[in-house]
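Chains, contacts and geometry: an overview
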Amino acid sequence: MNELTKNEHNFVGYEYKDITVKKDSESVYADGYTHFGWKLEGTSTPFQNVGSVTMKFKRDRKIRNKAELTRLQRQFEACVTDIETLERSKLTSASIVAYGIGLVGTACMAGSVFAYLDNMLPLSVILAIPGFAGWIIPYFSFSGIRRKKTDKVTPFIDKKYDEIYEVCEKANGLLAK
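Residues numbered from 1 in each chain as written. Predicted model: local features only at pLDDT ≥ 70, side-chain atom pairs only at ≥ 80, totals over all residues. Heavy atoms only, no water.

1. Observations concerning the environment of T85
In plain terms, the rule: Comment: elements are numbered from the N terminus, with helices defined as DSSP H or I runs of at least four residues and strands as E runs of at least two. Accessible area is worked out with a 1.4 Å probe on protein chains only. A residue is then buried under 20% of its type maximum, exposed over 50%, and partly exposed in between.
Mapped onto the elements, T85 comes out in helix 3 (residues 66–117). According to the relative accessible area criterion, T85 is partly exposed, its value standing at 39%. In this structure the C-alpha to C-alpha distance between T85 and N10, which are 75 residues apart in sequence, comes to 43 Å.

Structure (C-alpha cells):
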C-alpha cells in the first residue's frame, strides 16, 4: 500500500512537442529549449525537408510558471527566426546582382553568336567581350557583396544572440523558483 501511494505522488504527465528546424539551428534549439523545461527525446531527419531535422521534446505538464515560460519561448523562437532571416539576407542581394550580371552577359553572348551567324564578325567580337565579362564578373561581385553584407549584418546577429541569452537566462531563473 505504501508503494502504491508513493507511485501516485511521483506520477509525471508530459506534454510533447515536435519541431522541424534547419540543421544549422539544431544546437541552438537543443540548448535553448532546455531552459524552458523541455527535454530532448531524440532527433530524426525528415524525407521531404533536406537540410532540416525534426526534434522531439517533452516536459512536465505541471511545470511552474508555464505561461511565462511559454511567452519567453515564443520570444526565443522569434529571435532564432530573425537570425535565420539575417543569415539568408547575406546571400540574397549578392545572388540577385550576380544573376543579373550573368543574364546580361548571356544576352551579349547570344547577340555575338547571332552576329557571327549573320557574317558580322566585328559586331560579334564587340558583343563577345562583354559576354565573357558578364560570365566572369558575377563570381567576384557575389563575393564582394556578400562580404559587405556580412560585415553589415553581423552586429545585428550578435545582438539577437545576446537577446536569446537573456531570454534563456530569465526562463532558467523561472525554472529554479
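2. Some remarks on the sheet that holds strand 3 (residues 52–60)
Let me state the cut-off plainly: Two strands make a pair as long as DSSP finds a minimum of two bridges between them. Every axis in this analysis is a line fitted to C-alpha atoms, fitted for helices over the stretch in contact. Angles between the N-to-C directions lie between 0 and 180 degrees.
Spatially, the three strands line up as an open sheet ordered 1-3-2, and their pairing is antiparallel. At either end of the open sheet lies a strand with only one pairing partner, and these are strand 1 (14–22) and strand 2 (39–44). For this sheet the average axis-to-axis angle between neighbouring strands, irrespective of direction, equals 25°. Relative to strand 3, strand 2 runs antiparallel, the two being bridged by five bridges.

3. Some details on the confidence of the model for the protein
Rules: pLDDT expresses, on a scale from 0 to 100, how confident the predictor is about each individual residue. By definition in these notes, contact holds between two residues if any of their heavy atoms fall within 4.5 Å.
Mean pLDDT over the protein stands at 89; residues scoring 70 or higher make up 94%. Across residues 1–6, confidence stays below pLDDT 50; counting only partners more than four residues off in sequence or on other chains, it has zero contacts.

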